[in-house]
Amino acid sequence: SVMDLLSCCSYAGSHLSEILSNRDLPREIRKQAAFYIGQIGYLDALPVLERMANRLQTRGDEQEALILPVLQDAVLLLTAP
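A few points on the structure. (Residues numbered from 1 in each chain as written. Predicted model: local features only at pLDDT ≥ 70, side-chain atom pairs only at ≥ 80, totals over all residues. Heavy atoms only, no water.)

With respect to the overall build of the protein
Counting its secondary structure elements, the protein contains five helices and zero strands. The C-alpha atoms of the protein give a radius of gyration of 12 Å, which matches the 12 Å a tight globule of 81 residues would have. Overall, the protein is about 35 × 30 × 15 Å in size when its C-alpha atoms are taken along their principal axes. Residue burial in the protein is summarised as follows: out of 81 residues, 35% are buried. As presented, the protein carries roughly 5100 Å² of accessible surface, and 56% of it is formed by carbon and sulfur atoms. Averaging the locations of the 7 positively and 10 negatively charged side chains of the protein gives two centres separated by 6 Å. (Helix = DSSP H or I, 4+ residues; strand = E, 2+ residues; numbered from the N terminus. Rg over C-alpha atoms; globule rule 2.2 N^0.38 Å. Buried < 20%, exposed > 50% of the residue type's maximum accessible area, 1.4 Å probe, protein only. Areas by Shrake-Rupley, 256 points an atom, 1.4 Å probe, with all protein chains shown as cover. Lys, Arg positive; Asp, Glu negative; His and termini not counted. Charge placed at Lys NZ, Arg CZ, Asp CG, Glu CD.)

If you want it as structure tokens, here you go:
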């Protein structure tokens, strides 16, 4: 039902991108934001996902790296043909 609600709002992608980028929010909420971006297909959020994935791959922050698999999955969904 959350996905149905988010898919009705064309601005939800930018809001989810802001949630994902906000390091003050709990990691689980940020992971959910990345998940919904990929599942719903908000292409406008792709640059944020790619930038975060690149940053997490180059940094050694293990706690932040827990978001990386979700980011990578979302990027794959958004770039799939």
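Description of helix H2 (residues 12–21)
Residues Ala12, Gly13, Leu16, Ser17 and Leu20 constitute the buried set of H2. Buried residues along H2 cover an arc of 140 degrees about the axis, so they all sit on one side. Considering only its buried residues, H2 is in contact with helix H1 (2–7), helix H3 (27–40), helix H4 (46–58) and helix H5 (68–79). (Arc of directions from axis to C-beta. Contact = heavy atoms within 4.5 Å.)

Let's talk about the packing of H3 against H5
Between H3 and H5, the least distance of the axes is 8 Å, while the angle of their chain directions is 15 degrees. The angle between the axes of H3 and H5 places the two elements in the roughly parallel class. Classified by chirality, the crossing of H5 by H3 is left-handed. Between H3 and H5, the residues in contact are Lys31, Ala34, Phe35, Ile37, Gly38 and Gln39 and Val70, Leu71, Ala74, Leu77 and Leu78, respectively. Of the residues belonging to the contact of H3 with H5, the class tally is eight nonpolar, two polar and one charged. (Axes fitted to C-alpha atoms, helices over the stretch in contact; angles between N-to-C directions. Parallel < 35°, antiparallel > 145°, perpendicular 65-115°, else oblique. Left-handed = near helix turned anticlockwise from the far one by under 90°. Nonpolar A, V, L, I, M, F, W, Y, C, P; charged D, E, K, R; others polar.)

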